[in-house]
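Fold and geometry: a report
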Amino acid sequence: MFRLIKDLVFAWRYKWAVRKAVELSEVYGMKFYVIRLNGKIKVVPKRTIKELVARRRFRKGVTVQDIEKRALFVTH
């Protein structure tokens, strides 16, 4: 029962994040990622991901392409 509730909450947050990413992408004309960051689902523009990789926020050797492969959703 607990797992079901947890899955429903994740699905609701995921759908909300995808909707927000698509809207922001249309408004700003940028690529947005839906990723899990610090245990939460975040909507992050590609430009910010590049900055975080440059600042070593992610493990050494991680590239933007690696993050794009593991992203839950990517806008175009």
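This report concerns the structure included in the present document. Note that the structure is predicted; figures quoted are calculated from it, not measured.

Rules behind the numbers
- Residues numbered from 1 in each chain as written.
- Predicted model: local features only at pLDDT ≥ 70, side-chain atom pairs only at ≥ 80, totals over all residues.
- Heavy atoms only, no water.
- Pairing = 2+ DSSP bridges.
- Helix = DSSP H or I, 4+ residues; strand = E, 2+ residues; numbered from the N terminus.
- Contact = heavy atoms within 4.5 Å.
- Axes fitted to C-alpha atoms, helices over the stretch in contact; angles between N-to-C directions.
- Expected span 1.5 Å × (residues − 1).
- Buried < 20%, exposed > 50% of the residue type's maximum accessible area, 1.4 Å probe, protein only.

Across the sheet, which stays open at both edges, the 3 strands sit in the order β2-β1-β3 with antiparallel pairing between neighbours. The open sheet has two edge strands, β2 (40–45) and β3 (73–74), and neither has a second partner. Each of β1 (32–37) and β2 is contacted by helix α2 (residues 46–54), which is oriented at about 100° to β2, the strand it contacts most.

Once that is clear, we can look at helix α1 (residues 2–28). Taking 1.5 Å of rise per residue, the 27 residues of α1 would be expected to cover 39 Å, and the 39 Å separating its terminal C-alpha atoms lies within 8% of that figure. Within α1, burial applies to Ala17, Val18, Ala21 and Ser25. On its buried face, α1 is in contact with β1, β2 and β3. Looking one or two residues beyond α1, the residue adopting positive phi is Gly29, at roughly 70°.

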